[in-house]
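Spelled out, the chains give:
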Amino acid sequence: MTTEPTREDVILEIDDIHTYYGAIHALKGVSLNVRAGEIVTLIGANGAGKTTTLRSINGLNQPRDGRIRFQGRDITSVPSHQVVKMGIAQSPEGRKLFPRMSVRENLEMGAFQRSDRKNLREDLDRVYTLFPRLSERKNQKAGTLSGGEQQMVAIGRALMARPKLLLLDEPSMGLAPIFVEKIFEIVREINEQGTPILLVEQNALMALETASRGYVMETGRIALADEAKALRQNEQVRKTYLGEGA
Amino acid sequence: MAREQRATGGGGGRAALLARTTLERLRSRAFLLVAIGLLLFYPSYVDSAQDLELMGEFFPSLNSMVIMIVFTMMAVGLNIVVGYAGLLDLGYVAFYAAGAYTAAWFASLQFEQVTFHFGAVGVSEDLPGIHISIWLVLLLAALFTTVVGIMIGLPTLRLRGDYLAIVTLGFGEIIPQFVRNGDSIAGFDLTHGTFGISPIDSPGFGSTLNDTFGLPESYRQATNAQELFFWTAVVLLLFTVFCSVRLRDSRLGRAWIAIREDETAAAAMGVPLMRTKTWAYALGAFFGGIAGAYYASFKSGAFPADFYFNISIFLLCMVILGGIGSVWGVIVGGMVLGWLNVEGLATIGSKVNEATGIDFEVPKYQFGIYGFIIVLMMLFRPVGLIPERRHQRELEEGVHDEPLYDATHEGN
């Protein structure tokens with residue numbers, strides 16, 4: 001079903017990576033790619049290896065085997081601060097804010113690796129436009145925000161790096177349904193402004209509605225890969241991840 | 001007031017807030033100047049202060065002040081590692097030792113095989129050994145200690161939390177042991193073993209500068225030696241504090257705070273963990289080295305018995321008492337504990353004995369007492385005497401802070 005992408009289109013290409021946590025073989029040959037301008041989602045159960053895949057990309061847990069290419073360059077064993085500098089920013093699982101820094105300081109941390117720091121003001125404004133709520137709370141300590149607001153900070157912080165690829169790890173986790181809607185709306189908006197996104201989600205329904213393509217992970221492997229629309233129709237996906245009875 | 005805060009969205013509210021912070025800043029600056037002034041002129045009123053009927057004994061002598069200031073300098077240096085970067089270092093004494101021995105190597109009779117003089121004062125031209133001007137030795141000590149800091153840091157900083165603390169504890173033990181046993185390294189006497197190295201040259205500006213600018217030729221031979229040592233210590237402390245504040249507000253300082261708050265998140269933001277942590281170690285060591293070298297020159301000796309583990313803990317207590325991460329707090333903590341250590345406990349002890357008629361040697365229980373102070377601090381004021389401004393500013397702007405939550409941040 002999936003059309004083979006042309007080489008120029010692909011900005012992130014993961015080729016058969018194997019990643020370990022100590023002796024545990026967490027990723028057993030994962031391959032996927034993200035093309036310019038699209039939202040790709042990675043869904044699957046807890047422990048399937050979704051977060052590990054992201055950690056492999058950004059250098060926090062480098063794969064022992066396989067190749068990761070970003071914009072044609074091999075980044076398989078590039079340290080994480082370099083990966084960020086090259087343009088891959090992420091909103092990590094569990095948000096991972098700096099709780100005693102203010103919202104504004106958190107956002108500024110997102111731009112840490114940028115060399116053109118003079119446009120900081122402009123980028124802050126962009127984030128505040130995207131999340132007016134954060135503008136109201138810019139001097140508040142991040143640790144005192146609600147879950148939804150913290151998620152906004154996490155996404156905003158990643159945007160401050162002016163990423164060429166945005167990795168989002170479970171942006172809907174622990175949020176009230178109304179916030180989930182809002183977050184996905186913003187994910188779409190960020191994408192429409194031109195940033196490709198790799199979205200890891202447990203909320204498969206929302207993720208497949210938002211993304212153009214999807215990968216389904218099971219125990220360290222890609223079990224299914226298809227257009228998001230097709231995956232929504234897939235019987236197995238419906239049963240396992242969308243919670244629909246047979 | 002409350003209404004004003006709520007109105008921060010409007011222009012008037014913002015202006016009021018701005019005016020208030022400017023006022024606040026002016027006030028703290030004025031306070032700072034007064035404090036520095038009081039400190040600098042201490043020699044001129046210490047005698048009359050000590051003659052006071054009521055509290056006279058509580059004013060430390062100039063010599064005690066030098067010791068207090070040197071230890072405070074080290075505490076401010078340690079605060080870079082523990083307070084800013086959140087790396088629990090239980091072996092800071094190693095840097096103190098490295099600094100002191102650098103002074104001992106480059107400004108004493110230790111290496112009598114050679115005779116090398118460069119700007120040394122108060123020693124005759126033909127005295128054997130290396131004799132370099134103490135001012136240069138301070139710089140050398142700072143650089144050497146920085147290198148030691150990097151050498152200790154590179155293998156250990158991969159570790160986190162408790163593991164890091166244990167390894168630094170190990171290094172804090174290794175260095176004094178090395179110094180104690182370093183009197184015959186393949187037959188070469190590097191540290192003069194348990195005897196230590198003494199005497200060490202005095203600071204001073206030499207005869208030329210003395211003639212032209214009236215700067216003291218050699219501190220130890222001057223009539224006001226105590227005052228000179230005191231003022232120099234104050235200048236070194238001010239330098240340390242200035243650098244420390246500038247570092248805190250720099251990009252590197254922000255990276256340290258990020259690592260302290262959440263190491264994984266910091267890495268995800270592109271903070272190079274190893275490099276940033278090693279910088280904290282190196283810069284913390286830098287000031288420890290200067291303090292150690294100056295102290296060695298002040299007391300004219302470096303002895304292995306000075307570098308026991310308890311010094312590391314003592315410095316850590318200063319940081320905790322004052323407020324982890326808060327420069328001003330650490331200064332207060334350092335001066336208070338330093339005073340208790342050199343004079344205070346003895347003074348208080350004799351007062352207590354006088355009043356109660358019992359014979360109780362208070363200074364004997366010093367570490368029990370410091371431990372008790374720390375336990376009390378942890379229970380009732382875990383953020384320290386003067387908490388870090390980060391907390392304070394947030395309190396001013398009306399964000400409610402839960403003290404218990406802050407107390408847990410060292411555990412991360």
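Coordinates for the structure precede this section.
Caption draft 1: Here's a closer look at the pattern of salt bridges. Counted under the stated rule, the structure contains 19 salt bridges over all chains. Lys96(A) is paired through a salt bridge with Asp262(B); the nearest N and O atoms lie 3.8 Å apart. Of the two residues, Lys96(A) sits in the loop between strand S6 (88-91) and helix H3 (103-110) while Asp262(B) sits in the loop between helix H10 (251-261) and helix H11 (263-268), which places them in two different chains. The residue Arg104(A) makes a salt bridge to Glu108(A) at a minimum N-O spacing of 2.9 Å. One end of the pair, Arg104(A), and the other, Glu108(A), are both in helix H3, four residues apart, so they sit about a helical turn from each other. Looking at Glu108(A), the relative accessible area reads 18%, which means it is buried. Look at the salt bridges and you will find they share partners, linking Arg104(A), Glu105(A), Glu108(A) and Arg254(B) into a network.

Caption draft 2: Representation of the sheet that holds strand S3 (residues 39-44) of chain A. Residues and elements named next belong to chain A. Spatially, S6-S7-S8-S3-S9-S10 is the arrangement adopted by the six strands of the open sheet, whose pairing is mixed. Either end of the sheet is taken by a strand with one partner, and the two such strands are S6 and strand S10 (221-227). Pairwise comparison of adjacent strand axes, ignoring direction, gives a mean angle of 20° for this sheet. Both strand S7 (residues 165-169) and strand S8 (residues 197-201) contribute to a ladder of four bridges, which runs parallel. Paired with leucine 168 across the two strands is leucine 199, which belongs to S8. On top of the sheet, helix H6 (residues 147-159) reaches S6 and S7; it is set at about 175° to S6, its chief contact. Here helix H7 (residues 177-192) sits on the sheet in contact with S3, S7 and S8, set at roughly 160° to S8.

Caption draft 3: Region of the structure containing the packing of helix H6 (residues 134-156) of chain B against helix H7 (residues 161-180) of chain B. Residue and element names in this part refer to chain B. With their axes 11 Å apart at the nearest point, H6 and H7 run at an angle of 140° to one another. Classified by the angle between their axes, H6 and H7 sit oblique to one another. Seen along the crossing, H6 lies across H7 with a hand that is right-handed. The residues of H7 that touch H6, namely those facing Val148, Ile152 and Thr156, are Leu164, Val167, Phe171 and Ile175. Classifying every residue of the contact of H6 with H7 gives six nonpolar, one polar and no charged.

Rules used throughout
- Residues numbered from 1 in each chain as written.
- Chains lettered and ligands numbered in written order.
- Predicted model: local features only at pLDDT ≥ 70, side-chain atom pairs only at ≥ 80, totals over all residues.
- Heavy atoms only, no water.
- Salt bridge = Lys/Arg side-chain N within 4 Å of Asp/Glu carboxyl O.
- Helix = DSSP H or I, 4+ residues; strand = E, 2+ residues; numbered from the N terminus.
- Buried < 20%, exposed > 50% of the residue type's maximum accessible area, 1.4 Å probe, protein only.
- Pairing = 2+ DSSP bridges.
- Axes fitted to C-alpha atoms, helices over the stretch in contact; angles between N-to-C directions.
- Contact = heavy atoms within 4.5 Å.
- Parallel < 35°, antiparallel > 145°, perpendicular 65-115°, else oblique.
- Left-handed = near helix turned anticlockwise from the far one by under 90°.
- Nonpolar A, V, L, I, M, F, W, Y, C, P; charged D, E, K, R; others polar.

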